[in-house]
Amino acid sequence: METVPPAVDLVLGASACCLACVFTNPLEVVKTRLQLQGELQARGTYPRPYQGFIASVAAVARADGLWGLQKGLAAGLLYQGLMNGVRFYCYSLACQAGLTQQPGGTVVAGAVAGALGAFVGSPAYLIKTQLQAQTVAAMAVGHQHNHQTVLGALETIWRQQGLLGLWQGVGGAVPRVMVGSAAQLATFASAKAWVQKQQWLPEDSWLVALAGGMISSIAVVVVMTPFDVVSTRLYNQPVDRAGRGQLYGGLTDCMVKIWRQEGPLALYKGLGPAYLRLGPHTILSMLFWDELRKLAGRAQHQGT
């Protein structure tokens, strides 16, 4: 990979992931609805307004209009910019310090960078999840928060729960992004190196990064989906006046309740849309990031 300063990686990583978010946000809306459907209810005992990917896309469009497929986009872009800016900046610092050259260094650096990014971006993810869950009563799943805008949601949460209320659900978000970031950054680097070694494609071709992203996306979805389901539930649950969740006490409590009341496969609810969202998002993010790094690296070399 081209070597660029960490500050440049911050801008490039945030920009790449925001570009990817524009294309994948409709998949995020569908995934969120599927993950909330049948919350804490045994399989077969609840109505299913969302069934399968294509039918769910159509259901969202009918209930909320075509623009409903981009619900929460502004909050999603804010989250991607904050989370991935911090994540890529910290990972770049680790690379610059030589930590990623140590055994297991890419996994550890990716996990730590992801945890920091998730913490910083958590308020935006909270609002994104709650906005994407909102719909008409006949199609509603999960708790309905009835926010009107991103700023309105921020004001409501701040007024009712205080500053700490904006970090509701962060206990599920940090592990979610840690495992996803570690899998993504570690497998992308190794997958891209493997593809280059096979010499199937020109070494400087964008297709090398595309192939690496495709391989990386599989690992990301497999390890991340259970944490993704839990994170969605923690972010969307109703809270009492003290800001405590009324359904779940935290990450472990949520996992146990889902397992016991909905069955272990419920931890993979929305897997299809999750892959269709995380797959392209991973591929596009890593492709955009890699290509932007090449351009920045070349510009840096030309300027010296």
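All of the points below concern the structure found in this document.

What counts, and where the lines are drawn
- Residues numbered from 1 in each chain as written.
- Predicted model: local features only at pLDDT ≥ 70, side-chain atom pairs only at ≥ 80, totals over all residues.
- Heavy atoms only, no water.
- Phe/Tyr/Trp six-rings, centres within 6.5 Å; stacked < 30°, edge-to-face > 60°.
- Helix = DSSP H or I, 4+ residues; strand = E, 2+ residues; numbered from the N terminus.
- Buried < 20%, exposed > 50% of the residue type's maximum accessible area, 1.4 Å probe, protein only.
- Lys NZ or Arg CZ within 6 Å of the ring centre and 35° of its normal.
- Expected span 1.5 Å × (residues − 1).
- Bend = angle between axes of the 7 residues up to and from the residue.
- Core = buried A, V, L, I, M, F, W, Y, C linked by side-chain atoms within 4.5 Å.

On to the packing of aromatic side chains. What the rule picks out here adds up to three aromatic pairs. Taken together, a centroid distance of 5.1 Å and an interplanar angle of 40° make the contact between tyrosine 125 and tyrosine 235 tilted. Note that tyrosine 125 is positioned in helix α4 (residues 105-133) and tyrosine 235 in helix α7 (residues 206-236), a separation of 110 residues in sequence. Both residues of the pair, tyrosine 125 and tyrosine 235, belong to the buried class. Put simply, the rings of Tyr79, Tyr125 and Tyr235 pair up and form one aromatic cluster. Above the plane of the ring of tyrosine 125 lies lysine 128, whose end atom (NZ or CZ) is 4.2 Å from the centre.

Time to look at helix α1 (residues 6-36). Look at α1: only 37 Å from first C-alpha to last across 31 residues, short of the 45 Å you get at 1.5 Å a residue. The sharpest bend along α1 reaches about 55° and sits at threonine 24, with the proline proline 26 one to four residues further on. By the criterion of burial, α1 is predominantly enclosed, with 22 of the 31 residues buried.

Moving on to the nonpolar core. Grouped together as the largest cluster of nonpolar side chains are 18 residues, with contacts concentrated most on Tyr79, Ile127, Ile157, Val174, Val177 and Tyr235. Counting only elements with at least two residues in this core, the list comes to α3 (73-96), α4, α5 (150-161) and α6 (170-198).

Taken by themselves, the reported measurements are silent on function.
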